[in-house]
Amino acid sequence: AQKITQTQPGMFVQEKEAVTLDCTYDTSDQSYGLFWYKQPSSGEMIFLIYQGSYDEQNATEGRYSLNFQKARKSANLVISASQLGDSAMYFCAMRFYPSGNTPLVFGKGTRLSVIA
Amino acid sequence: NAGVTQTPKFQVLKTGQSMTLQCAQDMNHEYMSWYRQDPGMGLRLIHYSVGAGITDQGEVPNGYNVSRSTTEDFPLRLLSAAPSQTSVYFCASSSRVSGANVLTFGAGSRLTVL
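A quick note: this is a predicted structure, and the numbers were derived from the prediction, not measured.

Asks: Would you explain the overall build of chain A in this entry?
Replies: On a plain count of helices and strands, chain A comes out with zero helices and 12 strands. What you see in chain A, going N to C, is helices and strands ordered as β-β-β-β-β-β-β-β-β-β-β-β. The globule rule puts the C-alpha radius of gyration for 116 residues at 13 Å, and the 14 Å found for chain A is close to it. Taken over the C-alpha atoms alone, chain A extends approximately 45 × 30 × 20 Å along its principal axes. Counting only residues that meet the buried cut, chain A has 50% of its 116 residues in that class. Partitioning the intrachain contacts of chain A with sequence separation of at least 6 by distance along the chain shows that 55% fall at a separation of at least 24. Split by element, the accessible area of chain A, about 5600 Å² in all, is 48% carbon and sulfur. Here chain A holds 10 positive side-chain charges and 10 negative ones, and the gap between their average locations is 5 Å.

Okay, structure coming up:
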């Protein structure tokens with residue numbers, strides 16, 4: 001079965017510094033997509049960034065980038081120049097394509113705290 | 001454009017009671033799903049639907065029923081609530097289930113079963 005692992009339950013980072021949130025996955029499929037979501041204390045789920053397994057370049061969206069290492073099966077989220085508003089839960093998720101209608105599977109999340 | 005609307009936002013039930021969490025989307029999305037979120041467990045898929053009349057089970061379907069009679073609505077039914085079903089429930093939808101289609105989430109429904 002496909003599995004997403006986020007090994008860091010909690011992380012601290014100083015404001016304006018960069019931080020990497022780890023995500024590894026386990027699949028034998030070749031075709032899949034990786035997503036990161038942010039959940040602030042208000043509870044809503046906010047989509048941050050997407051990477052397809054066949055994308056040759058790492059995805060970037062503003063201060064967010066996805067460090068995709070296919071051979072290592074990792075899809076780490078990098079947040080540059082951290083801001084206090086980045087304090088939140090972050091979830092890595094995957095969708096596996098070959099079987100067609102495959103839903104999104106989430107990791108357990110990492111709580112990021114940004115310190116002033 | 002309201003997106004994904006969940007009702008109610010908060011609900012307290014007694015063990016054995018039944019209730020329905022409502023989910024509606026106005027984006028003409030084919031795919032809809034229900035997740036539950038518990039501390040330290042992330043989001044776990046309960047049920048999902050790839051179109052009207054089609055539903056399937058996720059990781060934790062026991063104790064929950066769903067139906068999809070229209071594209072817009074995907075209600076989640078608890079037939080006999082148990083304390084283990086105390087959780088925050090999220091409904092989410094996307095235009096298709098494949099590719100880079102991003103899930104749009106509702107605001108969540110917090111359920112407490114006493």
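Asks: Where do I start with the packing of aromatic side chains in this structure?
Replies: Between two aromatic rings, the relevant description is the distance of the centres plus the angle of the planes. Throughout the structure, instances matching the rule amount to 13 aromatic pairs over all chains. Arranged with centres 5.4 Å apart and planes meeting at 80 degrees, the rings of tyrosine 37 of chain A and phenylalanine 105 of chain B form a pair that is edge-to-face. Remark: phenylalanine 105 of chain B occurs in strand S10 (residues 104-105) and tyrosine 37 of chain A occurs in strand S5 (residues 32-39); the pair is interchain, linking two chains. For tyrosine 37 of chain A, a relative accessible area of 0% puts it in the buried group.

Asks: What is the right way to read the pattern of salt bridges from this model?
Replies: Working definition: two side chains of opposite charge can pair if their charged atoms are close together. Residue and element names in this part refer to chain A. What the rule picks out here adds up to three salt bridges over all chains. One salt bridge connects arginine 63 with aspartate 86, and the closest N-O pair in it is separated by 2.8 Å. Linking arginine 63 in the loop between strand S7 (60-61) and strand S8 (64-69) with aspartate 86 in the loop between strand S9 (74-79) and strand S10 (88-96), this pair joins segments that are 23 residues apart in sequence. Looking at arginine 63, the relative accessible area reads 22%, which means it is partly exposed. Using a relative accessible area of 2% as the deciding quantity, one classes aspartate 86 as buried.

Asks: Explain the interface of chain A and chain B to me, please; I cannot follow it from the model alone.
Replies: Reports of interface size often rely on the accessible area that becomes lost once the parts have come together. Contacts between the two partners involve 18 residues from chain A, matched on the other side by 20 residues from chain B. Between chain A and chain B, roughly 1600 Å² of surface is buried when both sides are summed, and carbon and sulfur atoms account for 62% of that area. Scanning the region where chain A abuts chain B turns up zero salt bridges. On the surface where chain A and chain B come into contact, there are three residue pairs in polar contact (both at pLDDT 80 or more). Of all the secondary structure elements, the ones that give two or more residues to the side of chain A that touches chain B are S5, strand S6 (46-52) and S10 of chain A. At three residues, S5 of chain A tops the list of elements feeding residues into the side of chain A that touches chain B.

Calculation rules
Residues numbered from 1 in each chain as written. Chains lettered and ligands numbered in written order. Predicted model: local features only at pLDDT ≥ 70, side-chain atom pairs only at ≥ 80, totals over all residues. Heavy atoms only, no water. Helix = DSSP H or I, 4+ residues; strand = E, 2+ residues; numbered from the N terminus. Rg over C-alpha atoms; globule rule 2.2 N^0.38 Å. Buried < 20%, exposed > 50% of the residue type's maximum accessible area, 1.4 Å probe, protein only. Contact = heavy atoms within 4.5 Å. Areas by Shrake-Rupley, 256 points an atom, 1.4 Å probe, with all protein chains shown as cover. Lys, Arg positive; Asp, Glu negative; His and termini not counted. Charge placed at Lys NZ, Arg CZ, Asp CG, Glu CD. Phe/Tyr/Trp six-rings, centres within 6.5 Å; stacked < 30°, edge-to-face > 60°. Salt bridge = Lys/Arg side-chain N within 4 Å of Asp/Glu carboxyl O. Buried area = accessible area lost by both parts, 1.4 Å probe. Polar contact = N/O pair within 3.5 Å; in protein donor to acceptor, adjacent residues only side chain to side chain.

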